[in-house]
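Structure assessment
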Amino acid sequence: MNDYFQLILMIICTPFALVWICLAITKGKKYATYTKSTFAREFQMSKLFCVGFALMPILHMGTKTRRAKLKIKEIAEIKGKKYAEYYYYILQGAKITYAYTVFLVFMLLSVLAGSVEAALLGVIFSVLVVMYIDLSLQDKLTARRQEILMDLPQVLSASGQFGNGSPRCMEKNSDYRRACII
């Protein structure tokens, strides 16, 4: 029974591995400008993102969907509005590449080990990689929002929002501060 599992899984994994290799070889030059960018180099193995970029049109993943527009809006808060769509494209390519690569490696390991558990771990780790990238984006967004909130009293006092700009107006949770704002 175990031999049949290994054989079936190998028959399934071989085309996926060949597709991964072909995409990495053939699309590397096409997407070289994306993979050599400073933002892409923030990630590990950024030269392999050509695999994810090549799979995006096949999977019909674009920047015009509702979910994509929400992510682009979040990225615009962190990186700026000018290149937010570009950063979203790089993030999507990274997620697809990492998930596909991790899934493929674990599938091949499960063939070698003859283990169904290794195949399930591949699926779980692929999902976890995608979640990790999304959560790291959320962490950066939260940090950026906190940074903005920390700078808010200084910006408001410089703009004259706090009335006379006295130190009592700057105190947190004071009744005097509320009076200064009015």
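The following paragraphs examine the structure supplied in this document. Here the structure is a predicted model, which means the values were calculated and not measured.

As for the pattern of salt bridges
Taken as a whole and judged by the stated rule, the model has 4 salt bridges. A salt bridge links glutamate 85 to lysine 64; the nearest nitrogen and oxygen atoms lie 3.9 Å apart. Taken together, the residues span a long stretch of sequence, with glutamate 85 in helix α5 (residues 84-113) and lysine 64 in the loop between α3 (49-58) and α4 (66-79) at a distance of 21 residues. Judged by its relative accessible area of 61%, lysine 64 is exposed. Measuring nitrogen to oxygen at the nearest pair gives 2.7 Å for the salt bridge that ties lysine 95 to aspartate 134. With a gap of 39 residues between them, lysine 95 in helix α5 and aspartate 134 in helix α6 (residues 116-158) connect regions that are remote in the sequence.

A closer look at the packing of aromatic side chains
Throughout the structure, instances matching the rule amount to 13 aromatic pairs. Pairing tyrosine 31 with phenylalanine 53 gives two aromatic rings, centres 5.4 Å apart and planes at 50°, and the pair type is tilted. Linking tyrosine 31 in the loop between α1 (2-26) and α2 (32-35) with phenylalanine 53 in helix α3, this pair joins segments that are 22 residues apart in sequence. Look at tyrosine 31 and you get buried, because its relative accessible area is 8%. Note on phenylalanine 53: relative accessible area 0%, which makes it buried. Ring geometry for phenylalanine 39 and tyrosine 87: centres 4.3 Å apart, planes at 70°, overall edge-to-face. Of the two residues, phenylalanine 39 sits in the loop between α2 and α3 while tyrosine 87 sits in helix α5, which places them 48 residues apart along the sequence.

Reading the values: rules and limits
Residues numbered from 1 in each chain as written. Predicted model: local features only at pLDDT ≥ 70, side-chain atom pairs only at ≥ 80, totals over all residues. Heavy atoms only, no water. Salt bridge = Lys/Arg side-chain N within 4 Å of Asp/Glu carboxyl O. Helix = DSSP H or I, 4+ residues; strand = E, 2+ residues; numbered from the N terminus. Buried < 20%, exposed > 50% of the residue type's maximum accessible area, 1.4 Å probe, protein only. Phe/Tyr/Trp six-rings, centres within 6.5 Å; stacked < 30°, edge-to-face > 60°.

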